[in-house]
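Take a look at the letters that make up each chain.
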Amino acid sequence: MALLEIFTFPAPVLQQKTEPVTTFDQELENTTQSMLETMYVSSGIGLAAIQAGILKQIIVVDLKSGEEDKSLREPHVFINPEIVSSSGRTVSEEGCLSVVDFRGEVERAEYITVAYQDLSGAAKTIEANDMMSICLQHEIDHLNGILFIDRLPLLKQKMVKKRLKKLANDDA
Ligand code: NI
């Protein structure tokens, strides 16, 4: 399975809109497998296809990504996910494989219901709280071209983006 290259801020692709998946075939399954492998190698708990430059509404999540025993992993694939209801507010610290070297507190809904399709195209819903809720909201934001740093208070956001752009330039 080929590992994917993950784009990092300020790569313009991360701000693009993504298209719904309409074909549920082997290629889609291969893409999600590559996404999961890339996520595990990168020690992430979630990855959106857009982070690898694939402008499709595909996300993978595994809250047990950090388990050394691979049999304890819990990979989830969400195709065309959409938040259909949300309630409560919660603040937690987030990071992102596309945002190098920065973590920050973000306010999000506490409980959400997400409608999505599985790899066969079957319609599903999931009710999520805690980490799963936060992770799904973070990943669904990616599908709309939004990074968690876009949800920081404006002043902090400007500061962080300036620093990250400088870091990216220094690396180039
Ligand atoms: Ni992310």
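For the structure itself, look to the data block above.
In this report, we go over the structure that sits alongside the text.

### Things to note about the environment of Leu28
Along the chain, Leu28 falls in helix H1 (residues 26–41). According to the relative accessible area criterion, Leu28 is buried, its value standing at 6%. In sequence terms Leu28 and Ser120 are 92 residues apart; their C-alpha atoms lie 9.7 Å from each other.

### Notes on the nonpolar core
Burial of nonpolar side chains together is a common tendency in soluble globular proteins. Ranked by size, the top nonpolar core spans 16 residues in total, and within it Ile59, Phe78, Val114, Ile126, Met132 and Leu136 carry the most contacts. Sorting the residues of this core by element identifies strand S2 (58–61), strand S4 (99–117), strand S5 (123–128) and helix H2 (130–143) as the ones contributing at least two each. If you tally residues by element for this core, the top one is H2, at five residues. Apart from residues no more than four positions distant in its own chain, Leu136 is found in contact with Ile59, Val61, Phe78, Ile112, Val114, Ile126 and Ala128.

### Quick word on the packing of aromatic side chains
Counted by the stated rule, this structure contains two aromatic pairs. Centre to centre, the rings of Phe102 and Phe148 are 6.1 Å apart; their planes meet at 5°, and the pair counts as stacked. Residue Phe102 is found in strand S4, and its partner Phe148 is found in the loop between H2 and helix H3 (154–171); the two are separated by 46 residues along the sequence. Here Phe102 and Phe148 have matching classes, each one buried.

### Let's talk about the pattern of salt bridges
According to the stated counting rule, one finds nine salt bridges in the structure shown. Close ionic contact of Arg103 with Glu93 constitutes a salt bridge, the shortest N to O distance being 2.8 Å. Taken together, the residues Arg103 in strand S4 and Glu93 in strand S3 (residues 76–96) connect sequence positions ten residues apart. Here Glu93 falls in the partly exposed class, since its relative accessible area comes to 47%. Residues Arg108 and Asp141 are paired through a salt bridge, measuring 3.0 Å at the closest nitrogen-oxygen approach. Of this pair, Arg108 sits in strand S4 while Asp141 sits in helix H2, and the two are 33 residues apart along the sequence.

Rules of the game
- For every chain, the first residue of the written sequence is number 1, and numbering continues from 1 along that sequence.
- This being a predicted model, a pLDDT of at least 70 is required before a residue's local features are given, and a value of 80 or more before pairs of side-chain atoms are given or counted; all residues contribute to the totals for chains, interfaces and linings.
- To get the side-chain values, take all heavy atoms of the structure and skip hydrogens and water.
- The secondary structure listing takes helices from DSSP runs of H or I that are at least 4 residues long and strands from runs of E that are at least 2 residues long, numbered from the N terminus.
- With a 1.4 Å probe rolled over the protein chains alone, any residue whose accessible area is under 20% of its type maximum counts as buried; one over 50% counts as exposed, and the rest are partly exposed.
- What makes a nonpolar core is a set of buried Ala, Val, Leu, Ile, Met, Phe, Trp, Tyr and Cys residues whose side-chain atoms join them at distances within 4.5 Å.
- Contacts between residues were defined by any pair of non-hydrogen atoms, one from each residue, lying within 4.5 Å.
- By convention, a stacked pair of Phe, Tyr or Trp rings (six-membered ring in the case of Trp) has centres within 6.5 Å and planes under 30 degrees apart, an edge-to-face pair has planes over 60 apart, and any other such pair is tilted.
- Every case where a carboxyl oxygen of Asp or Glu lies within 4 Å of a side-chain nitrogen of Lys or Arg is listed as a salt bridge.

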